Each structure stands twice: as C-alpha cells, then as structure tokens.
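The chain contents come next:
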Amino acid sequence: MEKTLVIIKPDAVKKNLIGEIISRFEKNGLRVAAVKKIKMTKEEAKGFYIVHKDRPFYESLTDFMSEGPIVVMVLEGENAITKVRKIMGATNPAQAEEGTIRKDFAENIERNAVHGSDSQQSAAYEIPYFFSALEIL
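Procedures and definitions
Residues numbered from 1 in each chain as written. Predicted model: local features only at pLDDT ≥ 70, side-chain atom pairs only at ≥ 80, totals over all residues. Heavy atoms only, no water. Salt bridge = Lys/Arg side-chain N within 4 Å of Asp/Glu carboxyl O. Helix = DSSP H or I, 4+ residues; strand = E, 2+ residues; numbered from the N terminus. Buried < 20%, exposed > 50% of the residue type's maximum accessible area, 1.4 Å probe, protein only. UniProt positions renumbered as here; feature names shortened; annotations may be inferred. Phe/Tyr/Trp six-rings, centres within 6.5 Å; stacked < 30°, edge-to-face > 60°. Lys NZ or Arg CZ within 6 Å of the ring centre and 35° of its normal.

Per an unreviewed UniProt entry, the chain carries the name Nucleoside diphosphate kinase and comes from Thermodesulfovibrio yellowstonii.

Below, the structure written as structure tokens:
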C-alpha cells in the first residue's frame, strides 16, 4: 500500500470543505491512515516548503499556508500518489479537468485548495514532517 500526504489548505478549510474533500478521496478507494487539523507558523511553513526557497512565490506561499488552519492527512491505497494527483487536478485550476477538487474549489494557482505529495520521495519527506509513526494507523 502506497502512502501520500494531502493538505487541505487554509482557503478550503475556511470555506468548510473538509468533509467534501476527504469524501472525494475515500470514494476513489483511498483510506485515511492519519488526519489532524493544525495551524502552521510561518517558520513551519517555510520548513515544509524549503524546496521552493529560491522561487519567487516562496514568501507568498508560506504566508498563505500559515494564515489559518489546515488539515493534514496521510492517505493510502494502490497507486495513492498518482490517484491523489488525478483527483486534485492541475495545480493551476484554470487548467484542471472538470470534477477535480481544484477545478471545483480553487481560487487561483496559489490558493488551490489542496496539496499532495508529487512523488514517493516527496511523501517520504512530507509525511514525517507532520506525523510520527505512532499516529499513522
């Protein structure tokens, strides 16, 4: 069983979309192995998105991700990473397919409702950023 990290971002939490988003993943055969609602500090957001530190959007992204509560979760299933990416849709909601989370709920390329690990290597870094082994069931 492959595991991946998903974050419901502050924009989607504020719009009360947590249940709807989790439901879309579950209806597609993914299982929630861990979930919690947290509020990251700016420093925690910078640490999580450290791979983007030299990109022009780094400051605005970390500001956004620390502006309000988020829901972090570990999802598992067959081909979980690929499946999650398909359900989420393209990063830019204008390019996302109809029926995807980002097409339906995102405001723009940054405030795009959800984050998901893009590879097994990313998942291996991202999951333990938020969860200890004891929290993943």
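**Student:** Tell me what's going on with the pattern of salt bridges, and back it up with residues and numbers.
**Tutor:** Where side chains of opposite charge bring their charged atoms close, a pairing between them can arise. The full count for this structure, using the stated rule, is eleven salt bridges. Lys15 is the salt-bridge partner of Glu107, the closest N and O atoms lying 3.5 Å from each other. You can see Glu107 sitting in the loop between helix H6 (101-105) and strand E4 (114-116) and its partner Lys15 sitting in the loop between helix H1 (10-14) and helix H2 (18-27), a full 92 residues away along the chain. Owing to a relative accessible area of 45%, Glu107 belongs among the partly exposed residues under this scheme.

**Student:** Please set out the UniProt feature "active site" (unreviewed entry) in the chain residue by residue, giving values where relevant.
**Tutor:** Using the residue numbers shown here, the UniProt feature "active site" (unreviewed entry) corresponds to His115. Note that His115 resides in strand E4.

**Student:** Could you give me a rundown of the packing of aromatic side chains, with the residues and numbers involved?
**Tutor:** Within the structure shown, the criterion is met by five aromatic pairs. Arranged with centres 5.2 Å apart and planes meeting at 75 degrees, the rings of Tyr129 and Phe130 form a pair that is edge-to-face. Note on Tyr129: relative accessible area 30%, which makes it partly exposed. Taken together, the aromatic side chains of Phe48, Tyr49, Tyr125, Tyr129 and Phe130 make up a single cluster linked through ring pairs. The side chain of Lys36 reaches across the aromatic face of Phe131, ending 4.8 Å from its centre.

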